[in-house]
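Each chain, written out:
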Amino acid sequence: MDYTPSSGEELQSEYFVPREHAVAAFRAIERLREALRPLLQISEVRTIAADRLWMSPCYQRPSVAFHFTWKQNWPEVQKLLRVIEEQLRPFDARPHWGKLFTMSPARLQSLL
């Protein structure tokens, strides 16, 4: 009860992969553990049902979300996001639109 989970100034990223790729995507992220460790505050993995909301990262596909809350070091986080996105590329990972990511507009369009 005496813990404040966030102050509103965290750097956050989240990527959604189709549920059938969950294990492979988790392994890809796990291989980055040494690079993640100095920048990561906390992470979370959760499943989400497919929905019909056209702006949702889970639009028409059951997904697994990989959430990251980062330390306040945007230059280094930005570099790491490129690496994470490259590792998740084979799994058609969609970013959370309201959080940090580095994908190009063309790459985003290909994921819709």
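Scroll up for the structure.
Computed from a predicted structure; not experimentally measured.

A. Seen up close, the pattern of salt bridges. If you walk through the whole model with that rule in mind, you get seven salt bridges. The partner of Arg 46 in a salt bridge is Glu 14, and the shortest N-O contact between them spans 2.6 Å. Note that Arg 46 is positioned in strand E2 (residues 40–48) and Glu 14 in strand E1 (residues 11–18), a separation of 32 residues in sequence. For Arg 46, a relative accessible area of 33% corresponds to the partly exposed category. Here Glu 34 and Arg 37 are joined by a salt bridge, their closest N and O atoms 3.1 Å apart. Salt bridges here are not isolated pairs; linked through shared partners, they connect Glu 14, Glu 44, Arg 46 and Lys 99.

B. Molecular detail of the packing of aromatic side chains. Using the criterion set out here, one finds two aromatic pairs in the structure. Relative to Phe 66, the ring of Phe 26 lies with its centre 6.3 Å away and its plane at 40°, an arrangement referred to as tilted. With Phe 26 in helix H1 (residues 22–30) and Phe 66 in strand E3 (residues 63–70), this residue pair connects regions lying 40 residues apart in the sequence. With a centroid separation of 5.1 Å and an interplanar angle of 15°, the aromatic rings of Phe 68 and Trp 70 are classed as stacked. You can call Trp 70 buried: its relative accessible area is 0%.

C. The arrangement of the sheet that holds E1 in detail. Pairing is antiparallel in the open sheet, where four strands are placed in the order E2-E3-E1-E4. Edge strands, defined here as strands with exactly one partner in the open sheet, are E2 and strand E4 (94–95). Sheet topology note: the E1/E3 ladder contains eight bridges and is antiparallel. Its bridge partner lying in E3, Ser 13 is registered against Phe 68. Strands E1, E2 and E3 of the sheet are contacted by H1, whose axis makes an angle of about 20° with E3. With respect to the sheet, helix H3 (residues 74–88) is in contact with E1 and E3, its orientation differing from that of E1 by roughly 5°.

Conventions we followed
- Residues numbered from 1 in each chain as written.
- Predicted model: local features only at pLDDT ≥ 70, side-chain atom pairs only at ≥ 80, totals over all residues.
- Heavy atoms only, no water.
- Salt bridge = Lys/Arg side-chain N within 4 Å of Asp/Glu carboxyl O.
- Helix = DSSP H or I, 4+ residues; strand = E, 2+ residues; numbered from the N terminus.
- Buried < 20%, exposed > 50% of the residue type's maximum accessible area, 1.4 Å probe, protein only.
- Phe/Tyr/Trp six-rings, centres within 6.5 Å; stacked < 30°, edge-to-face > 60°.
- Pairing = 2+ DSSP bridges.
- Contact = heavy atoms within 4.5 Å.
- Axes fitted to C-alpha atoms, helices over the stretch in contact; angles between N-to-C directions.

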